Amino acid sequence: MFREFFAGVRILGRGFGMWRTHTKLLALGLIPAVIAFVLLAGALIPFALALGPLTEWITPFADGWVSPWQELLRFSLGAVILIAALALAGAVFTALTLTIGDPFYQRIWRGIERSLGGPEPTGDTGLLTTIGEGIRLIVLGILVALLTIVIGFVPVVGGVLASVIGVILSGRLVARELTGRAFDARGLTTLSRSELLRSGRARVIGFGVATQLCFLVPLGAIVTMPAAVAGSTILARSLTERAAPPSQAVEPPPASHA
């Protein structure tokens, strides 16, 4: 399991490596990533600045508590809410970026497919499908954020558990969304796609967690997004090839005897 997890992390590393070999191609993905980042930052920064008043409004019962218990409660609550917001932000950023930059990212994953060799998938993903998948990702991201908040209230270990589970669940959602184009181009149904993702669950989570953590680095999401699209193409191909039945070996012709 750990080997597969780190295999997923290395796949994202291969995606970053594409910046060196396919610089112009991946650079196409910077524009929609910047737009989505600015829009998301415009919502997250005011939200983070309002955390103090928000936690005070949620916990009026603590107004009469003596120091440091009042500050500790409100700081812990604020930290849990911020963790949940960041988990949701990763899903929203991915959905928004892929929707805005659909033509750019179509070119990126197809270019990566060609560079990997072998038959290139000829299917396509329509804009309506992309929008629908984005809405689905945001809804699931909201559920993950709510679950993260609930877990955060577990005594003593809640904050740590919320952070770990939030990154894992949101990372898996991001990985599923990023691999969507490569899977759709292969004509896979939703059921087949889910089966492939389950068959490589640890690899998918490793890729998604690494991507999500890179998103949390200041300005890291902008550079990571094109690399994540490239890496997700490699991930989708690796899962598909591993699930494919082995080809029949062709026996060599019998040797001729003089």
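Details of the structure are given in the entry above.
This structure is a prediction, so every number in the text was calculated from the model and none was measured. (Residues numbered from 1 in each chain as written. Predicted model: local features only at pLDDT ≥ 70, side-chain atom pairs only at ≥ 80, totals over all residues. Heavy atoms only, no water.)

(A) Inspection of the overall build of the protein chain at higher detail. Assigned secondary structure in the protein chain consists of twelve helices and zero strands. The linear arrangement of helices and strands in the protein chain, starting from the amino end, is α-α-α-α-α-α-α-α-α-α-α-α. Its C-alpha atoms put the protein chain at 100 × 35 × 30 Å along the principal axes. Looking at the 258 residues of the protein chain, the share that counts as buried comes to 43%. Here the analysis covers contacts within the protein chain between residues at least 6 apart in sequence; of these, 77% occur between residues at least 24 apart. (Helix = DSSP H or I, 4+ residues; strand = E, 2+ residues; numbered from the N terminus. Buried < 20%, exposed > 50% of the residue type's maximum accessible area, 1.4 Å probe, protein only. Contact = heavy atoms within 4.5 Å.)

(B) Layout of a nonpolar patch on the surface. A cluster of nonpolar residues, Leu128, Ile131, Ile135, Val139, Ile142, Leu143 and Leu146, forms a patch on the protein surface that exposes about 660 Å² of accessible area. Structurally, Leu146 can be placed in helix H7 (residues 127-152). Judged by its relative accessible area of 47%, Leu146 falls in the partly exposed class. (Patch = residues over 30% accessible without salt bridge, like charges linked within 9 Å, V, L, I, M, F, W, Y side chains within 5 Å. Areas by Shrake-Rupley, 256 points an atom, 1.4 Å probe, with all protein chains shown as cover. Salt bridge = Lys/Arg side-chain N within 4 Å of Asp/Glu carboxyl O.)

(C) Highlighting the pattern of salt bridges. A complete count under the given rule lists eight salt bridges for this structure. Here Arg203 makes a salt bridge to Glu4, at a shortest N to O gap of 2.8 Å. Residue Arg203 is located in helix H11 (residues 201-216), and its partner Glu4 is located in helix H1 (residues 2-21); the two are separated by 199 residues in the primary sequence. Ionic pairing is found between Glu113 and Arg186, a salt bridge with its closest N-O pair at 2.9 Å. Taken as a pair, Glu113 in helix H6 (residues 102-116) and Arg186 in the loop between helix H9 (180-185) and helix H10 (190-199) lie far apart in primary sequence, 73 residues in all.

(D) Geometry of the side chain of Thr148. Structurally, Thr148 is set in helix H7. Other than its neighbours up to four places away in sequence, Thr148 contacts Val80, Ile83, Ala84, Ala162 and Gly166.

(E) Region of the structure containing the packing of aromatic side chains. By the definition in use, this model includes three aromatic pairs. Aromatic pair Phe93 and Phe215: ring centres 5.2 Å apart, planes at 75°, arrangement edge-to-face. With Phe93 in helix H5 (residues 69-100) and Phe215 in helix H11, the pair connects residues that are 122 residues apart, well separated along the chain. (Phe/Tyr/Trp six-rings, centres within 6.5 Å; stacked < 30°, edge-to-face > 60°.)

(F) Fine view of the nonpolar core. If you look at the biggest cluster of nonpolar residues, it comprises 40 residues, and the most contacted ones within it are Phe93, Ile112, Leu178, Met225 and Val229. No other element matches the eleven residues that helix H12 (residues 220-243) contributes to this core. Not counting residues up to four positions away in its chain, the partners in contact with Met225 are Ala33, Phe93, Thr94, Thr97, Leu98, Tyr105, Leu178 and Phe215. Listed in part, the five residues of the second largest apolar core include Ala91, Ala95, Val144 and Leu173. (Core = buried A, V, L, I, M, F, W, Y, C linked by side-chain atoms within 4.5 Å.)

(G) View of the environment of Gly180. In this fold, Gly180 is placed in helix H9. A sequence separation of 53 residues divides Gly180 from Thr233, and the C-alpha atoms of the two residues are 9.1 Å apart.

(H) Spotlight on H6. Taking 1.5 Å per residue, 15 residues should reach 21 Å; H6 reaches 21 Å between its end C-alpha atoms and fits that length. Turning to H6, its buried residues number three or more, namely Asp102, Tyr105, Gln106, Ile108, Trp109, Arg110, Gly111, Ile112 and Glu113. Looking at the residues trailing H6, positive phi occurs at Gly117, about 80°. (Expected span 1.5 Å × (residues − 1).)

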